[in-house]
Amino acid sequence: MNAGDDVELVARAREGDQAAFEQLVLRHQAAVHRAALSAVGSPADADDVAQEAFLLAYRRLKSFRGEATFKTWMLTITWNQAINHRRKAGRWWRRFVSVETEEGTPFESLRFASPSGTPEDLAAHDELRDAIRQAIRELPPALRDTFLLAQSGEYTYDEIAAMVKAKTGTIKWRVSEARRLVKERLVARGHK
Amino acid sequence: MLDRFDELVDDVAKSMTAAPPDASLAHRVSTRIAEAAGDDGRRPVWTRPWVLVPVASVCVLIVAVVVTREGSVRLKPDATPVTPPSIIAPVGSPGLVERPFQGRGDRGPENLARGPERPALRSQAVAPLPPLATPTIEPIDVDRLDVQPLVEMDEIQIGPIALDRIEIAAMP
């Protein structure tokens, strides 16, 4: 995937080629969805946000001047949509606070491999992961958003800076500060 | 010790955004775009901007002209001759000529066709009222009220307060 192909696809989509825009969606849907998920916390809500973001981008395609890459432009639209979605009726808060929802708390369902060992080791490992997840949820929104975006491995610091409208240096500081606070809270809860 | 948390924290954070998008996302977006394009094609001609804007402008212009003309007509000086104001006497006043009550049942069929009758108001000059006599009011006698004091206060005796002398030892 390269930006040159995006430019051509954008040009074709501007002329009304819907297949070209569908190609753009397929190229960037993972990045868009991940950004939305960082903000709203629920895969289903992230799907809705991603869909609305792509539709909005299609309608605004004529205003895309190519000063940034299509991906950066698309991520900025997505982030704005996601923040608006999060503000509506506190959906994000309910997702994060409730332990179980009808579709399962998304971050609970995404578990990574536990180490091999005794049942006690496995239980301790799960407990530690839960504690980390809880500590991340409790971060201030600016730190949490930036940290999740950065740790997703999908975006550069510059792309995150463009998304959340902050300087690259600020993004780096937020990531570092978020990690420090998470570790501090783990220690406060007795994990050493 | 805390360094071992770093990798784990990063892994947990990554897992929190690791859900893949819905497989039908691109298809749903394309469908919505096609629907939107279809809606534009079915749009009535009169709702198109290049039709709606001139029509709306003409409507606004017509309303503006009408309002302006109405305003200018009202601003013209009144040409009707000025007559001295006459006092309209209320119904039942001495100057008003009384008419016997005529109910609906008393009206003939030729009158019913004209609709309900309304009492006619007649303007007539009212004669000045006779001067009123000044009323005289007799003075009222009121007995004197003797009020006793509520409570008699005893004198409060406060003895002198004796303070012991405080001895402060010198600091070493």
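Residues numbered from 1 in each chain as written. Chains lettered and ligands numbered in written order. Predicted model: local features only at pLDDT ≥ 70, side-chain atom pairs only at ≥ 80, totals over all residues. Heavy atoms only, no water.

**Concerning helix α8 (residues 141-151) of chain A**
Residues and elements named next belong to chain A. Worth spelling out the cut-off: Three labels apply to residues, based on accessible area from a 1.4 Å probe with only protein chains included: buried if under 20% of the type maximum, exposed if over 50%, partly exposed otherwise in between. Going along the chain from the N terminus, every DSSP run of H or I of four or more residues is numbered as a helix, and every run of E of two or more is numbered as a strand.
With respect to burial, α8 is a largely interior element, nine of its 11 residues being buried. Here α8 has its buried residues at L143, R144, D145, T146, F147, L148, L149, A150 and Q151. A positive phi of about 75° marks G153, the residue just after α8.

**Description of the interface of chain B and chain A**
The following threshold applies: Whether two residues are in contact is decided by their heavy atoms, any of which lying within 4.5 Å being enough. The buried area of a pairing is the accessible area, by a 1.4 Å probe, that goes missing from both parts when the two are put together, added over both. Any Lys or Arg side-chain nitrogen found within 4 Å of a carboxyl oxygen on Asp or Glu counts as a salt bridge. Polar contact is defined as a pair of N or O atoms within 3.5 Å, subject to the rule that within protein one atom must be able to donate a hydrogen and the other to accept it, and that residues adjacent in sequence are counted only when both atoms are side-chain atoms.
Between chain B and chain A, the residue contacts involve 29 residues of the former and 41 residues of the latter. Buried area between chain B and chain A, both sides added, is near 3,300 Å², and the carbon and sulfur share of it is 70%. By the criterion of area lost to chain A, the three top residues of chain B are B:M16, B:T17 and B:I33, representing 21% of everything that side buries. At the junction of chain B and chain A, the tally comes to four salt bridges. In this structure, the salt-bridge partner of B:R32 is A:E52, at a minimum N-O distance of 3.2 Å. Counting across the chain B and chain A interface gives eight residue pairs in polar contact (both at pLDDT 80 or more). For the side of chain B that touches chain A, the elements supplying multiple residues, two or more each, are α1 (3-15) and α2 (25-41) of chain B.

**A word on the packing of helix α4 (residues 70-87) of chain A against helix α9 (residues 157-164) of chain A**
All names here are of chain A. Worth spelling out the cut-off: For helices, the axis comes from a line fit to the C-alpha atoms of the stretch in contact; other axes are also lines fit to C-alpha atoms, and the angle between any two N-to-C directions lies between 0 and 180 degrees. Orientation categories follow fixed angle ranges, with anything under 35 degrees roughly parallel, anything over 145 roughly antiparallel, 65 to 115 roughly perpendicular, and all other angles oblique. Should the near helix be turned counterclockwise from the far one by less than a right angle, the crossing is left-handed, whereas a clockwise turn marks it as right-handed. Note on residue categories: nonpolar means Ala, Val, Leu, Ile, Met, Phe, Trp, Tyr, Cys or Pro, charged means Asp, Glu, Lys or Arg, and polar means any other residue, Gly included.
In the contact formed by α4 and α9, the axes pass within 8 Å of each other and the chain directions differ by 45°. On the basis of their axis angle, the class for α4 and α9 is oblique. Once α4 is placed against α9, the crossing between them reads as right-handed. Listed contacts from α9 to K71, T72, L75, T76 and W79 of α4 are E159, A162, M163 and V164. For the contact of α4 with α9, the residue count by class is five nonpolar, two polar and two charged.

**Notes on the packing of aromatic side chains**
Residues and elements named next belong to chain A. To be explicit about the condition: The criterion for an aromatic pair is that two Phe, Tyr or Trp rings (for Trp, the six-membered ring) have centres within 6.5 Å, with stacked assigned to planes under 30 degrees apart, edge-to-face to planes over 60 apart and tilted to the rest.
For the coordinates displayed, the defined rule picks out four aromatic pairs over all chains. Taking 5.8 Å as the distance between ring centres and 45° as the angle between the ring planes, the aromatic pair formed by F70 and W73 counts as tilted. Separated by three residues within a single helix, F70 and W73 lie in helix α4, roughly one turn from each other. Judged by its relative accessible area of 3%, F70 falls in the buried class. Accessibility expressed as a relative area gives 15% for W73, which makes it buried. Taken together, the ring pairs connect F64, F70 and W73 into an aromatic cluster.

**Here's the deal with the confidence of the model for chain B**
Residues and elements named next belong to chain B. The following threshold applies: Note on scores: pLDDT gives the predictor's confidence for each residue, bounded by 0 and 100.
Confidence in the prediction for chain B averages 74 pLDDT; 64% of positions are at 70 or higher. Averaged pLDDT values for the elements of chain B fall to 54 in helix α4 (residues 109-112) and rise to 85 in α1. Scored by ipTM, the complex comes to 0.77, with pTM at 0.57.

**With respect to α4(A)**
Inclusion rule: Helix span is expected to be 1.5 Å times the residue number reduced by one.
If you check α4(A), its first and last C-alpha atoms are 26 Å apart, about what 18 residues at 1.5 Å a residue would give, namely 26 Å. Among the 18 residues in α4(A), 14 count as buried, and that is most of the element.

**Looking at the nonpolar core**
Quick note on the threshold: The term nonpolar core refers to a set of buried residues drawn from Ala, Val, Leu, Ile, Met, Phe, Trp, Tyr and Cys, joined through side-chain atoms within 4.5 Å.
Counting 65 residues, the largest nonpolar core has A:F21, A:I132 and A:I136 as the members making the most contacts within it. The biggest single contributor to this core is helix α2 (residues 18-40) of chain A, with 11 residues. With residues up to four places along the chain from it excluded, the contact list for A:I132 reads A:V182, A:L186, B:L8, B:V9 and B:V12.

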